[in-house]
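Secondary and tertiary structure notes
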Amino acid sequence: MSLKGALIHFRTITKHRHKVIAHCARAGILGQGLLHDLSKYSPTEFMQGAKFSTGTRSPNEGERETYGYSKAWLHHKGRNRHHFEYWTDYDPVTKLITPVKMPLRYVAEMFCDRVAASKIYRKKDYKDSDPLDYFAKAKGRRVIHPETSDFLEKLLIMLSEKGEDETFGFLRDYLKHNKDY
C-alpha cells in the first residue's frame, strides 16, 4: 500500500460518505447517514481499499481480480445493513441461502448510497439515470428479495425521470408515513 493510494482511497471514501450523509438528511434519516460506512475506515477494509484504489471504481473489483474474492467486501457487507447482500439467511425448508426482505429504512439508505456512489465515480459526467443504469446491468444476477428490488427500482426510476428533489421528497414523506413497502 502506497501513501498515494491511501490518500486517494481516504479522499474517495470520505467524499462518498459525506454525499451519503447529505442524501440521508434529504431523505429524513440523518442518523443513519452519520453512521454510514464507518467500517470502511477499519484496517480490514481500509488497507485493501488503499491497495486497490483507483478513484474511478470500487477497489473491491481490483481485489477480486487479484485474489478471486474481496476480503474487504466480505467484511463490509457483513456489517452494513444498507447492503442487500447483508439480508440473506439459510432457509430451513429449501436448505438454501435465501434473500430476506430489507427493512424500509435500510432500503432508503441503500438508495442514498447508490446515488452517492454514482456521483463519486461518474464525477462531472453524472446523470440522474446513472444509478438506475448500474442497477439494471446486474438485475438478473442479483440475489435480492423481490419486494426490496422492486421498491429500490421504483426509487431509481423516479430519480431518473423526475430528479432528486421530487424523489428525495417522496422518500422522506414515505418514511414518515409508512413502516413497510
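The coordinates are above.
Cut-off values and rules
Residues numbered from 1 in each chain as written. Predicted model: local features only at pLDDT ≥ 70, side-chain atom pairs only at ≥ 80, totals over all residues. Heavy atoms only, no water. Helix = DSSP H or I, 4+ residues; strand = E, 2+ residues; numbered from the N terminus. Rg over C-alpha atoms; globule rule 2.2 N^0.38 Å. Areas by Shrake-Rupley, 256 points an atom, 1.4 Å probe, with all protein chains shown as cover. Phe/Tyr/Trp six-rings, centres within 6.5 Å; stacked < 30°, edge-to-face > 60°. Buried < 20%, exposed > 50% of the residue type's maximum accessible area, 1.4 Å probe, protein only. Axes fitted to C-alpha atoms, helices over the stretch in contact; angles between N-to-C directions. Parallel < 35°, antiparallel > 145°, perpendicular 65-115°, else oblique. Contact = heavy atoms within 4.5 Å. Nonpolar A, V, L, I, M, F, W, Y, C, P; charged D, E, K, R; others polar. Core = buried A, V, L, I, M, F, W, Y, C linked by side-chain atoms within 4.5 Å. Expected span 1.5 Å × (residues − 1).

For the protein, the count of helices and strands is 8 helices and 2 strands. Counted from the first residue to the last, the protein has its helices and strands arranged as α-α-α-α-α-β-β-α-α-α. Computed over its C-alpha atoms, the radius of gyration of the protein comes to 16 Å, within 12% of the 16 Å expected for a compact globule of 181 residues. The principal-axis extents of the C-alpha atoms in the protein amount to approximately 50 × 45 × 30 Å. A total of about 10000 Å² of accessible surface is found on the protein, and carbon and sulfur atoms cover 56% of it.

This brings us to the packing of aromatic side chains. Taken as a whole and judged by the stated rule, the model has 8 aromatic pairs. Judged by centre distance (5.1 Å) and plane angle (40°), the rings of Phe151 and Tyr174 are tilted. When the ring of Phe151 is compared with that of Tyr181, the centres are 5.0 Å apart and the planes differ by 25°; the resulting orientation is stacked. One end of the pair, Phe151, is in helix α8 (residues 146-177); the other, Tyr181, is in the segment after α8, and 30 residues separate them in sequence. For Phe151, a relative accessible area of 6% puts it in the buried group. These aromatic residues form a ring-pair network of at least three members: Phe151, Phe170, Tyr174 and Tyr181.

Where helix α1 (residues 3-27) contacts α8, the axes come no closer than 7 Å and their chain directions differ by 60°. Considering the angle they form, α1 stands oblique to α8. On α8, the residues touching His23, Arg26 and Ala27 of α1 are Glu164, Asp165, Phe168, Leu171, Arg172 and Leu175. Of the residues in the contact of α1 with α8, the class split is 4 nonpolar, 1 polar and 4 charged.

Before going further, it helps to spend a moment on the nonpolar core. Core analysis: the biggest nonpolar cluster contains 30 residues, and Met102 and Phe111 have the highest contact counts within it. Where this core is concerned, the elements lending two or more residues are α1, α6 (104-122), α7 (130-137) and α8. The contact partners of Phe111, leaving out residues within four places of it in the chain, are Leu152, Leu155, Leu156, Leu159, Thr167, Phe168 and Leu171.

As a further point, take α7. Every buried residue of α7 is accounted for by Asp130, Pro131, Leu132 and Phe135. Against the buried residues of α7 lie α6 and α8.

We now examine α6. Residues spaced three or four apart along an α-helix point in a common direction, a consequence of the helix completing one turn every 3.6 residues. The first and last C-alpha atoms of α6 sit 27 Å apart over 19 residues, in line with the 27 Å expected at 1.5 Å per residue. Judged by how many residues are buried, α6 sits mostly within the fold: 15 of 19 residues are covered. At the exit of α6 stands Lys123, carrying a positive phi of roughly 50°.

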